[in-house]
Amino acid sequence: MADTVVRAMTDGLPAPEALRRLIQQILRHQDQQLRDDATILLTEWHPQPRPPAGR
């Protein structure tokens with residue numbers, strides 16, 4: 001699963017598209033039927049640049 005997300009993010013795709021691809025991969029693996037509840041959380045982090053030291 002992580003590989004799917006890493007590939008999507010490496011390709012420059014936004015987090016919602018990476019999540020969509022992950023869900024599609026899971027559904028294909030499960031023959032389009034989930035056997036239990038499923039929850040997926042994907043967080044996209046954009047750190048703020050730090051100011052130069054000494055300021």
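See the structure shown above.
The following paragraphs examine the structure supplied in this document. (Residues numbered from 1 in each chain as written. Predicted model: local features only at pLDDT ≥ 70, side-chain atom pairs only at ≥ 80, totals over all residues. Heavy atoms only, no water.)

## Some words on the overall build of the protein chain
Along its length, the protein chain carries 2 helices and 0 strands. Projected onto its principal axes, the C-alpha positions of the protein chain cover 55 × 25 × 15 Å. Counting the 55 residues in the protein chain, one finds 13% classified as buried. On the protein chain, the mean spot of the 7 positive side-chain charges and the mean spot of the 7 negative ones are 9 Å from each other. (Helix = DSSP H or I, 4+ residues; strand = E, 2+ residues; numbered from the N terminus. Buried < 20%, exposed > 50% of the residue type's maximum accessible area, 1.4 Å probe, protein only. Lys, Arg positive; Asp, Glu negative; His and termini not counted. Charge placed at Lys NZ, Arg CZ, Asp CG, Glu CD.)

## Considerations on the packing of helix H1 (residues 2-10) against helix H2 (residues 15-29)
Axes are the key here: two packed helices are described by the angle between their axes and the distance separating the axes. At a minimum axis distance of 9 Å, the contact between H1 and H2 shows a crossing angle of 145°. By crossing handedness, the relation of H1 to H2 is classed as right-handed. Facing Thr4, Val5, Ala8 and Met9 of H1, the residues of H2 in contact are Ala15, Ala18, Arg21, Leu22 and Gln25. Taken together, the residues that form the contact of H1 with H2 break down as 6 nonpolar, 2 polar and 1 charged. (Axes fitted to C-alpha atoms, helices over the stretch in contact; angles between N-to-C directions. Left-handed = near helix turned anticlockwise from the far one by under 90°. Contact = heavy atoms within 4.5 Å. Nonpolar A, V, L, I, M, F, W, Y, C, P; charged D, E, K, R; others polar.)

## Describing H1
Buried within H1 we find Thr4, Val5 and Ala8. For H1, the angular spread of buried residues about the axis comes to 95°, placing them on one side. Of the exposed residues in H1, those oriented more than 90 degrees away from the buried face are Ala2 and Thr10. Against H2 lie the buried residues of H1. Looking at the residues trailing H1, positive phi occurs at glycine 12, about 80°. (Arc of directions from axis to C-beta.)

## Looking at H2
The end-to-end C-alpha separation of H2 is 21 Å, in line with the 21 Å expected for 15 residues at 1.5 Å each. All of the buried residues in H2 are Ala15, Ala18, Leu22 and Leu27. In the core, the buried residues of H2 are packed alongside H1. Once H2 ends, the next one or two residues include aspartate 31, with phi positive near 55°. (Expected span 1.5 Å × (residues − 1).)

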